[in-house]
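# Remarks on the overall topology
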Amino acid sequence: MPLSRCARTYLVDELVELVGRGLVKGRGRGRVLITTEPISFYGGIDPETGRIVERGHELYGESVSGSVLVFPYGKGSTVGSYTLLRLARRGLAPAGIVNAESEPIIVVGCLLGGIPLMDRPTPDPFSLKGIINGLEAEIVIEGCKGVLRVQRDARGSQRAREGSA
Amino acid sequence: MKGARGEGLAEALEAVVKVAEILGAPRLIKVVSAHISGISYRNLGVEGVEYLEELAEKGLRFAVPTTINPAGFDMERYGEMGVGVREHELQMRALKALARMGAQATLSCTPYLIYPPRFGDHLAWAESSAVLYANSVLGARSNREGGPFSVLEALVGRAPYVGLHTDEARKPSVVLDLRRIRDFVEASRSYSALGYLVGEVVGKGVPALHDPPGGLKEPGNLRVFLAAVGASSSIGMVLIEGISPEFTLSEGLERIEPEVSDLTEILESWRCEDFDAAVLGCPHLSPDELLDLANRLKGKTLRKPLFVFTSRWSAVVARAAVEKLRSMGVRVYSDTCMVVGNLSALGVHRCATDSAKAAYYLSSQGYKVALMPREALLEYVIG
């Protein structure tokens, strides 16, 4: 890939763009909530509040509602698909999901709940965790292509400066 | 096909194709039956029940004979199980929707006893212990499908043609040589713990059991063994010499030789000195096992409460045995089980079981569990 295209992909100052495989179509907007740990939607997330309740999980106590949730893959019972459906019908679902590699629990759950889903994103979001976590993002899935655009706004830059200070 | 029904079916098909794609399946394959799990009201919630009702309302019907896993309570004895009016209504709505779509209300994890598949049949089954039985014992072909996904597969009558549907995936991936533990397993009758061990050490693929302990040929032992494999791994098939119709050994396979200490470690991890009840029936007891149990307990007095879970079909087939057991004070329940039901509502908090699968799931729900062979458990119960 020529350097100029690479550069356009993710070196733009105010925008990080991740491109991947589109699995469930739709679009959504929310803050990036990212973890390198797999998520069990059955038993790991409370279907009535959208909070992560798996003890010891990196995101324990956080709400996935309205976020663009980025995690490697799903784990645990297959009944987890119903949790995504339940969250969606209560208006508590993530605005979109990005996986390293999706497996059937998440795919079926997103299809049932109408939650935009993509996987195999490049560049690797987990290597950008500290940069993109908490930032506003838009996820757009059309056909077999998924795009996640993360806005590096003033607040994000400021936080980055604070972090380095 | 037009209208809501056509749209609903197209959506279901799209979902099955999507999952086939991510699994790398080149196409779908027609299945002869489906088995749906995860239908307890606790799993579904109000939203999940509404979803099933909408499918039924659209006029969608299962394309193949479809059975369902245990629900949250016994349809006749729910009063004893602390089930509230709201929970009862929710569960019945889910079952009604499934029945409207054509499901047989088997409410059991042992559909293969009621409608046994034939050798070579392709299935879309979602209960791991039943999938292991179908593949390993009957030579039928199913992957371990997800509960919600199996609803969609049943509607389209097709499954992704991948994994255990294909000849290549049904060959052994590793050989388990049990020579160092066979005598111990036979003497202690630890078939369920053996299954848990097989799952733990192999993890995935298709293990071949060379020269297995003879007691595995007893159907009850075989069922708790296979259920335990399913609980501790993602394995969907075990090739057991003398039992599995497709058993073969090929050259150059990795060999694993477990030690007695591997097995005692599992038994030690589920030890609970004082328990308040014994529970049997994970998987659901067969008519033969109910009869055997009634015979073994004949003329004895129970020292501890004994709970037995079975399918309604088994309870009807072995009606006399069930009546005898109940007259002795044994609490026999159908349509549900110790894992999807609610043992604590029955007053059980620390229990002994002969099933490592039950031990695994009950401990994860916070129960104190002792794992012991059925013989030892019954000794303890009748004192």
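Residues numbered from 1 in each chain as written. Chains lettered and ligands numbered in written order. Predicted model: local features only at pLDDT ≥ 70, side-chain atom pairs only at ≥ 80, totals over all residues.

The number of helices and strands found in chain B is 15 helices and 14 strands. Against the globule reference of 21 Å for 383 residues, chain B gives a C-alpha radius of gyration of 21 Å, in line with a compact fold. On the principal axes, the C-alpha backbone points of chain B span a range of 65 × 60 × 35 Å. Counting over 383 residues, chain B shows a buried share of 53%. For chain B, long-range pairs separated by at least 24 residues make up 80% of all intrachain contacts whose partners lie at least 6 apart in sequence. (Helix = DSSP H or I, 4+ residues; strand = E, 2+ residues; numbered from the N terminus. Rg over C-alpha atoms; globule rule 2.2 N^0.38 Å. Buried ≥ 20, exposed ≤ 12 C-beta atoms within 10 Å, placed from the backbone. Contact = placed C-beta atoms within 7 Å.)

Residue and element names in this part refer to chain B. Of the residues making up helix H15 (residues 374–382), those classed as buried are Arg374, Leu377 and Val381. Buried residues of H15, seen end-on, are gathered within an arc of 60° and therefore sit on one face of the element. Opposite the packed face of H15, turned more than 90 degrees from it, sit the exposed residues Glu375 and Glu379. Those residues of H15 that are buried are in contact with strand S10 (277–285), strand S11 (306–310) and strand S13 (350–353). (Arc of directions from axis to C-beta.)

With 172 residues, the main nonpolar core has A:Val68, A:Leu117, B:Ala94, B:Val238, B:Val308 and B:Cys351 as its most contacted residues. Broken down by element, the residue count for this core peaks at 8 residues, all from helix H9 (residues 219–232) of chain B. (Core = buried A, V, L, I, M, F, W, Y, C linked by C-beta atoms within 7 Å.)

In this section: the domain arrangement of chain B. All names here are of chain B. By domain assignment, chain B separates into domain 1 (3–165), domain 2 (171–267) and domain 3 (270–382). The C-alpha-based centres of domain 1 and domain 3 are spaced at 26 Å. Every contact between the two is made by 18 residues of domain 1 and, on the other side, 18 residues of domain 3. (Domains from an automatic or database assignment.)

Below, the discussion takes up the packing of helix H2 (residues 41–57) of chain B against helix H3 (residues 85–100) of chain B. Residue and element names in this part refer to chain B. Contact geometry for H2 and H3: axes closest at 9 Å, N-to-C directions at 40°. With respect to the hand of their crossing, H2 and H3 are arranged in left-handed fashion. Listed contacts from H3 to Tyr41, Leu44, Val46, Val49, Leu52, Glu53 and Ala56 of H2 are Glu87, Leu90, Gln91, Arg93, Ala94, Ala97, Leu98 and Arg100. A breakdown of the residues in the contact of H2 with H3 according to their chemical character gives 10 nonpolar, 1 polar and 4 charged. (Axes fitted to C-alpha atoms, helices over the stretch in contact; angles between N-to-C directions. Left-handed = near helix turned anticlockwise from the far one by under 90°. Nonpolar A, V, L, I, M, F, W, Y, C, P; charged D, E, K, R; others polar.)

Another aspect to go through is the pairing of strand S7 (residues 207–210) of chain B. All names here are of chain B. Note: strand S6 (residues 174–177) against S7, 4 bridges, orientation parallel. Residue pairing across strands places Val174 opposite Pro207, the latter belonging to S7. Bridging between S7 and strand S8 (residues 239–240) involves 2 bridges; their strand directions are parallel. Bridging from a neighbouring strand, Ala208 pairs with Leu239 of S8. For the handedness criterion, the β-α-β arrangement of S7, H9 and S8 is classed as right-handed. (Pairing = 2+ DSSP bridges. Right-handed = clockwise from strand over helix to strand, strands pointing away.)

Let us look at the packing of helix H3 (residues 80–89) of chain A against helix H4 (residues 104–113) of chain A. Residues and elements named next belong to chain A. Close contact between H3 and H4 brings their axes to 8 Å; oriented N to C, the two are set at 25°. Considering their axes alone, H3 and H4 lie roughly parallel with respect to each other. Considering the relative orientation of H3 and H4, their crossing is right-handed. Here Gly80, Ser81, Thr83, Leu84, Leu85, Leu87 and Ala88 of H3 lie close against H4, whose contacting residues are Ile105, Val108, Gly109, Cys110, Leu112 and Gly113. (Parallel < 35°, antiparallel > 145°, perpendicular 65-115°, else oblique.)

Moving on: the environment of B:Ser269. Residues and elements named next belong to chain B. For Ser269, the location among the structural elements is in helix H10 (residues 260–269). With 15 C-beta atoms packed within 10 Å, Ser269 lands in the partly exposed category. Put simply, Ser269 and Val369 are 100 residues apart on the chain and 9.3 Å apart in space, counted from C-alpha to C-alpha.

Residues and elements named next belong to chain B. Overall, parallel pairing links the 4 strands, which are arranged S8-S7-S6-S9 in an open sheet. The strands lining the two open edges of the sheet, one partner per strand, are S8 and strand S9 (255–256). Judged from the 2 bridges that link them, S6 and S9 form a sheet pairing that is parallel. By the bridge assignment, Val175 is partnered in S9 with Arg255.

Our next topic: the sheet that holds S13(B). All names here are of chain B. Overall, parallel pairing links the 5 strands, which are arranged S12-S11-S10-S13-S14 in an open sheet. Edge positions in the sheet fall to strand S12 (331–334) and strand S14 (368–371), since each has one partner strand and no second. Pairs of neighbouring strands in the sheet enclose a mean axial angle of 25°, with direction left out of account. Pairing of S10 with S11 involves 4 bridges; the strand directions are parallel. Note on S11: the bridge partner recorded for Val279 is Phe307. In this fold helix H14 (residues 356–364) packs onto S10, S13 and S14, with an angle of close to 165° to the strand it touches most, S14.

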